[in-house]
Amino acid sequence: MRKIPMRKCVVTQERFPKKDLIRVVRTPEQTIEIDLTGKKNGHGAYISKSLETLALAKKNKALQRALETEIPDEVYQELEAINKVTNLIQLAYRAGKVAKGDSLLVSIQKSQAKLVLVSSLCGQNRMKKIQDKCTYYNVPYIVVEPSVLDDVSYKKMSAIAIVDNGFAKAIIEKMKG
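Each chain has its residues counted from 1, following the order in which its sequence is written. Only residues with pLDDT of at least 70 get local features here, since the model is predicted, and only at 80 or more are side-chain atom pairs given and counted; chain-wide, interface and lining totals rely on the full set of residues. Hydrogens and water are ignored here; the side-chain numbers use all heavy atoms of the structure.

S.K.: Help me understand helix α4 (residues 102–109), please; the structure alone is not making it clear to me.
M.R.: In an α-helix, one turn spans 3.6 residues, which is why side chains three or four residues apart end up on the same side. For α4, the full list of buried residues reads Leu104, Leu105, Ser107 and Ile108. All buried residues of α4 lie within an arc of 160 degrees about the axis, which places them on one face of the element. Contact criterion: two residues are considered in contact whenever any of their non-hydrogen atoms come within 4.5 Å of each other. Secondary structure elements are defined from DSSP: runs of H or I of at least 4 residues count as helices, runs of E of at least 2 residues count as strands, and each element is numbered from the N terminus. Against β6 (98–100), β7 (115–119), α5 (124–136) and β9 (159–162) lie the buried residues of α4. Looking one or two residues beyond α4, the residue adopting positive phi is Ser111, at roughly 60 degrees. Here the term buried applies to any residue with accessible area under 20% of the maximum for its type, exposed to any over 50%, and partly exposed to those in between, with areas from a 1.4 Å probe on protein chains only. The arc in question is the one traced by the directions running from the helix axis out to the C-beta atoms.

Here it is in structure tokens:
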């Protein structure tokens, strides 16, 4: 059995599996960035994905202390948007309003899919097939960081289709904002 890397949230001081946290990085150029891959160069701090923890981090300046620099409001807004998008996708998944696996392409062909989310780590052939189908059937698709889809289910997914119009519109709106 593989060892699961654990990290500590700078706000709650609780230990979580690394994939359950978001990494914020102070790069060597002294800029603050959100690192969804967990591999960017620089001094990193981990924060849990809950909106409550994010609000607490802003209030008590935990990220600022951990990274030893001022954190711009845009970073907090981006963290909040990531949390909201992830929550919407999880909600759609639990409500059964997604198509995945073999039913993904079928849902695009039958015009059931309202939005397709594809992991940037998706295989080249599958990515091209999904993009071609989405373009032909006029279904919007968004290439997302792998961590966005990893948070949806315990199973690894390279792509999912949102089949509910309300969820699709809300996800698109949150990703643009």
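More follows now that the structure is in view.
S.K.: Just to check I follow, could you spell out unusual backbone geometry for this structure?
M.R.: With glycine set apart, most residues show a phi of negative sign, and most peptide bonds adopt trans. Unusually for a residue other than glycine, Gln13 sits at a positive phi of about 65 degrees. Summarising the element assignment, Gln13 is placed in the loop between β1 (6–8) and β2 (15–17). With a phi close to 55 degrees, Lys61 is a non-glycine residue in the positive phi region. With respect to the element layout, Lys61 can be found in the loop between α1 (51–60) and α2 (62–67). When its relative accessible area of 44% is taken as the criterion, Lys61 is described as partly exposed.

S.K.: So what exactly am I meant to see when it comes to the layout of surface pockets here?
M.R.: Using a probe with the size of a water molecule, rolled over the atoms, empty space left in the structure can be pinpointed. A cavity, in this analysis, means grid points on a 1 Å lattice covering only the protein atoms where a 1.4 Å probe fits yet has no way out; a pocket is instead an open set bounded by protein on both sides within 12 Å along at least five of seven lines, and a residue lines either one if it has an atom within 4 Å of a point. Grid points are joined across faces, edges and corners, and a volume is the space filled by probe spheres set on the points. The computed volume of the largest pocket comes to approximately 870 Å³. Lining the largest pocket are 32 residues, with Lys19, Thr37, Ser147, Asp150 and Lys156 positioned closest to its centre. Within the residue set of the lining of the largest pocket, elements represented by two or more residues are β3 (21–26), α3 (73–94) and α6 (146–150). For the lining of the largest pocket, the element with the highest residue contribution is α6, accounting for four residues. Residue classes follow a fixed rule: Ala, Val, Leu, Ile, Met, Phe, Trp, Tyr, Cys and Pro count as nonpolar, while Asp, Glu, Lys and Arg count as charged, and any other residue, Gly among them, counts as polar. Considering only residue class, the lining of the largest pocket consists of 13 nonpolar, seven polar and 12 charged. As a volume, the second largest pocket reaches approximately 230 Å³. Lining the second largest pocket are 14 residues, with Leu36, Ala81, Ile82, Val85 and Met175 sitting closest to its centre.

S.K.: What am I meant to see in the sheet that holds strand β4 (residues 32–35) here?
M.R.: Think of a sheet as strands paired side by side through backbone hydrogen bonds, with each pair either parallel or antiparallel. Only when DSSP finds a minimum of two bridges between them are two strands counted as paired. Spatially, β4-β3-β5 is the arrangement adopted by the three strands of the open sheet, whose pairing is antiparallel. Each end of this open sheet is capped by a strand with a single partner; those strands are β4 and β5 (43–48). The sheet shows a mean angle of 30 degrees between the axes of neighbouring strands, taken without regard to direction. Sheet analysis places β3 next to β4, joined by four bridges and oriented antiparallel. If you follow Val24 over to β4, its bridge partner there is Ile34. A fitted line through C-alpha atoms serves as each axis, taken over the contacting stretch for helices, and the angle formed by two N-to-C directions is quoted from 0 to 180°.

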